[in-house]
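Chain by chain, the residues run as shown.
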Amino acid sequence: MNRRSERAAAAPPAALPMVTVCRGCCCGTSAKVPRLDHEAQLADLRAMPAGAAVIRRTDCLNACERANVMVIQPSAEGREAGGRPVWLGQVNDPGAATEITAWVRNGGPGLADPPDILDLYAFTPSRRVRHEFED
């Protein structure tokens, strides 16, 4: 099976949780968040087993004061179970990324209880930012 057929055989994106990682002007830069290997953090998320989640990188989530920002969106099944997008800010500890990865691998919002440590990172962005992101 070649890579193209592997991707075609993969579950559709809505069937999986989606992790959006901000890597724009502030998030993902050593100037804003020194002493963190930003590329390693992204690589750890992308190392999840195939079919566990969709990982995407974006330029800006408009919450620069909370760099590094991630949004975990539930899968279709997770949304049906009541899961909603979870915004995480100041994810600057390698241990936090490990906890996020484990939670998403177990189903993410709506399907798995988030680890307690995520309470330190969760925030609610403005309605404008949420609206722009969800469109």
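Fair warning: this is a prediction, and the values are worked out from it, not measured in the lab. (Residues numbered from 1 in each chain as written. Predicted model: local features only at pLDDT ≥ 70, side-chain atom pairs only at ≥ 80, totals over all residues. Heavy atoms only, no water.)

1. Notes on the environment of Ala112
Then, in step 1: One can find Ala112 in the loop between helix 4 (94-105) and strand 5 (122-123).
Then, in step 2: Remark: the alpha-carbon pair of Ala112 and Ala102, spanning ten residues in sequence, is separated by 9.9 Å.
Then, in step 3: Ala112 has contacts with Trp103, Asn106 and Gly107, leaving out every residue within four places of it along the chain. (Helix = DSSP H or I, 4+ residues; strand = E, 2+ residues; numbered from the N terminus. Contact = heavy atoms within 4.5 Å.)

2. Section: the side chain of Arg23
Then, in step 1: Relative to the helices and strands, Arg23 resides in the loop between strand 1 (18-22) and helix 2 (38-46).
Then, in step 2: Here His38 takes part through its backbone oxygen, which lies 3.4 Å from a polar atom of the side chain of Arg23.
Then, in step 3: There is a polar contact of 2.4 Å between the side chain of Arg23 and the side chain of Gln41.
Then, in step 4: Not counting chain neighbours up to four residues away, the residues in contact with Arg23 comprise Gly28, His38, Gln41, Leu42, Arg57, Thr58, Asp59 and Asn68. (Polar contact = N/O pair within 3.5 Å; in protein donor to acceptor, adjacent residues only side chain to side chain.)

3. Here's the deal with the pairing of strand 3 (residues 70-73)
Then, in step 1: Side chains Met70 and Ile72 of strand 3 all project onto a buried face; the interleaved residues Val71 and Gln73 project onto the opposite face, where all are buried too.
Then, in step 2: In this sheet, strand 4 (residues 86-88) lies alongside strand 3 in antiparallel orientation, the contact comprising three bridges. Its bridge partner lying in strand 4, Val71 is registered against Trp87. (Buried < 20%, exposed > 50% of the residue type's maximum accessible area, 1.4 Å probe, protein only. Pairing = 2+ DSSP bridges.)

4. Here we look at the confidence of the model for the chain
Then, in step 1: Per-chain confidence: the chain averages 84 in pLDDT, with 88% of residues scoring 70 or above.
Then, in step 2: Confidence drops under pLDDT 50 across residues 1-9; counting only partners more than four residues distant or on other chains, this segment forms two contacts. (pLDDT = per-residue confidence, 0-100.)

5. What to know about the sheet that holds strand 5
Then, in step 1: Across the sheet, which stays open at both edges, the five strands sit in the order 2-1-3-4-5 with mixed pairing between neighbours. Unpaired on one side and paired on the other, strand 2 (54-58) and strand 5 mark the two borders of the sheet.
Then, in step 2: With five bridges joining them, strand 1 and strand 2 adopt parallel strand pairing. In the sheet register, Met18 faces strand 2, and the bridge partner there is Val54.
Then, in step 3: Strand contacts of helix 2: strand 1, strand 2 and strand 3, with the helix running at about 155° to strand 2, the strand carrying the most contacts.
Then, in step 4: Across the face of the sheet, helix 4 comes into contact with strand 1, strand 3 and strand 4 while running at roughly 15° to strand 3. (Axes fitted to C-alpha atoms, helices over the stretch in contact; angles between N-to-C directions.)

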